[in-house]
Amino acid sequence: QVQLVESGGGLVQAGGSLRLSCEGSVVAFSSWLMGWYRQAPGKEREFVAAISWSGGSTHYADAVKGRFTISRDNAKNTVYPQMNSLKPEDTAIYYCNTDGGVFPWGQGTQVTVSS
């Protein structure tokens with residue numbers, strides 16, 4: 001059974017940093033393009049960042065470009081975003097999944113940025 005488990009969220013002041021993790025019990029994890037998404041209260045889930053299977057190509061939403069860096073460790077079936085210069089508008093539940101959300105969504109991890 002495919003399972004995505006996100007962790008690493010928390011409360012941080014504006015300007016601070018967090019590093020999230022997502023471990024996937026996915027067959028052939030290294031063959032999948034993986035992404036991070038987020039959902040703020042009262043809003044729809046939105047794309048944040050994506051990384052190719054090899055890690056050689058990345059893509060970011062304009063709102064996080066220059067502040068977030070996505071990476072992956074295929075040996076650990078894990079994908080990370082390093083989030084720097086956090087803003088209150090980054091407050092959301094963060095999820096990982098493939099491009100297009102192929103797998104069942106995990107519980108996510110809450111990120112709260114205080115002003």
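The coordinates are above.
Now for a description of the structure that goes with this document.

Each value, and the rule that gives it
Residues numbered from 1 in each chain as written. Predicted model: local features only at pLDDT ≥ 70, side-chain atom pairs only at ≥ 80, totals over all residues. Heavy atoms only, no water. Buried < 20%, exposed > 50% of the residue type's maximum accessible area, 1.4 Å probe, protein only. Helix = DSSP H or I, 4+ residues; strand = E, 2+ residues; numbered from the N terminus. Pairing = 2+ DSSP bridges. Phe/Tyr/Trp six-rings, centres within 6.5 Å; stacked < 30°, edge-to-face > 60°. Lys NZ or Arg CZ within 6 Å of the ring centre and 35° of its normal.

1. So, the pairing of strand β5 (residues 34-39)
So, step 1. Within β5, five of the six residues are buried, which leaves it mostly tucked inside the rest of the structure.
So, step 2. The turn linking β5 back onto strand β6 (residues 46-51) is made up of six residues, and Gly 42 within it adopts a positive phi angle of 75 degrees.
So, step 3. Bridge analysis of β5 against strand β10 (residues 92-98) gives six bridges, and the strand direction is antiparallel. Across the sheet, residue Tyr 37 finds its bridge partner in β10, namely Tyr 95.

2. Section: the packing of aromatic side chains
So, step 1. Summed over all chains, the structure comprises four aromatic pairs.
So, step 2. On the basis of an interplanar angle of 85 degrees and a centroid distance of 5.3 Å, the ring pair of Tyr 37 and Trp 105 is categorised as edge-to-face. Of this pair, Tyr 37 sits in strand β5 while Trp 105 sits in the loop between β10 and β11 (109-114), and the two are 68 residues apart along the sequence.
So, step 3. We classify Tyr 37 as buried; its relative accessible area is 10%.
So, step 4. By relative accessible area, which is 33% here, Trp 105 ends up partly exposed.
So, step 5. Ring pairs connect the aromatic residues Tyr 37, Phe 47, Tyr 95 and Trp 105, which therefore count as one cluster.
So, step 6. Its guanidinium or amino end placed over the ring of Tyr 80, Arg 19 lies 3.9 Å from that ring's centre, counting from NZ or CZ.
So, step 7. Taking NZ or CZ as reference, Arg 45 lies 4.4 Å from the ring centre of Tyr 95, over its face.

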